[in-house]
Structure formats: C-alpha cells, structure tokens
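# An overview of the molecular structure
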Amino acid sequence: MLVSIDDLAAHLDDQDQVIVDCRFNLQQPEAGPRLYAEGHIPGAFYADVTGLQKLLSGFGIGPESRVVVYDEGGGAMAARLWWLLRWLGHAQVGLLDGGYGAWCTAGLPVSTVPPARRNGSFVARPGCMPVVTTCDVEA
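Treat the numbers as computed from the prediction; the structure is a model and nothing was measured.

Among the nonpolar cores identified, the biggest contains 23 residues, and V18, V20, C22, F59, V67, V69 and L81 are the most heavily contacted of them. Among the elements of the structure, β2 (17-21), β3 (45-46), α3 (52-56), β4 (66-70), α4 (76-87) and β5 (93-96) are those that each provide at least two residues to this core. Dropping the residues within four chain positions of it, C22 is found in contact with V69, Y70, D71, M77, A78 and L81. Residues I19, V68, Y70 and Y100 belong to the second largest nonpolar core, which totals 12 residues.

Here it is in structure tokens:
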C-alpha cells in the first residue's frame, strides 16, 4: 500500500503511472492550490476536492494505471483519494510514504509546471471496497 520515495523517484517518468497531489486544508481551502503552484512532484496533478470527479477524467487514469497519491505528509487527504479510487474499483493505487515532505527532504526534484491533461479510460465501479454501516457497528 505504501510507495517509498525511492520507488516513486525511480519510476517518475513511467507512462502508466499517475501522480496526484492531495494537499488540502479544510480551514484554508485556497492553501492546497497555492502549495501546488509553489511546487509539486514533477508530473503530479492537483486533486481539488471540490471538483474531483471532473478532474479524474483528465488525469489519464485507465485500468492498468498505477496511481500514487500524496499530501503534505500526514496522509489524511491522500488517504481519502486512495480510499475513493479503491471504492470506485481501481486496485493499483498507493500512498506515498512520508508525502511531499519526505520527497523534498530527500532532495528529489520538484516542479511548478502542471502536466498536460490526458485522456484515460477510467470506469468508476462504486462499491468495490467494503464499508461498515451503522447497523454493522451497532451489531
């Protein structure tokens, strides 16, 4: 489930990989896009949580894509996208161990250039991850 920064760095240019920046702050919604503009892992798309469904169609995610998600380092925002993609039926998704902070600390390259949009063949199949209902919890 976790992707090391060394593994991502070694596969940074793989065409079948999609990298997603999930940095977001609920108290400061403008912070995520600002941080992305200031620097992100090369080739990473920014996942604006307010328009995620629209963005996924342009990331180029297909059935064979390896998707790596990250955020500032705590993992909470990236884990949301990890779970969502898994729930929608995309099995090849990993969370970057240590997030953007670990990437930068390792001295790996950053970019201020957003990647070109790609056309993918992502098909959402909701319900592919098990969920626990309130009835399940009560039982």
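Our focus in this paragraph is the packing of aromatic side chains. For the coordinates displayed, the defined rule picks out 4 aromatic pairs. Ring plane angle 45° and centroid distance 5.5 Å describe the contact between Y36 and Y46, whose orientation is recorded as tilted. Within this pair, whereas Y36 is found in helix α2 (residues 31-38), its partner Y46 is found in strand β3, the two being separated by 10 residues in sequence. Each member of the pair, Y36 as well as Y46, is classed as buried. Positioned over the ring face of Y100 is R23, at 4.0 Å from the centre of the ring.

Once that is clear, we can look at the sheet that holds β3. Reading across the sheet, the 5 strands line up as β1-β5-β4-β2-β3 and stay open at both edges, with parallel pairing between neighbours. The open sheet has two edge strands, β1 (2-3) and β3, and neither has a second partner. Of the strands in this sheet, β2, β4 and β5 are in contact with α4, which crosses β5 at around 175°.

This brings us to α2. Those residues of α2 lying buried are A31, G32 and Y36. For α2, the angular spread of buried residues about the axis comes to 135°, placing them on one side. Packing partners of the buried residues in α2 comprise β2 and β3.

Procedures and definitions
- Residues numbered from 1 in each chain as written.
- Predicted model: local features only at pLDDT ≥ 70, side-chain atom pairs only at ≥ 80, totals over all residues.
- Heavy atoms only, no water.
- Core = buried A, V, L, I, M, F, W, Y, C linked by side-chain atoms within 4.5 Å.
- Buried < 20%, exposed > 50% of the residue type's maximum accessible area, 1.4 Å probe, protein only.
- Helix = DSSP H or I, 4+ residues; strand = E, 2+ residues; numbered from the N terminus.
- Contact = heavy atoms within 4.5 Å.
- Phe/Tyr/Trp six-rings, centres within 6.5 Å; stacked < 30°, edge-to-face > 60°.
- Lys NZ or Arg CZ within 6 Å of the ring centre and 35° of its normal.
- Pairing = 2+ DSSP bridges.
- Axes fitted to C-alpha atoms, helices over the stretch in contact; angles between N-to-C directions.
- Arc of directions from axis to C-beta.

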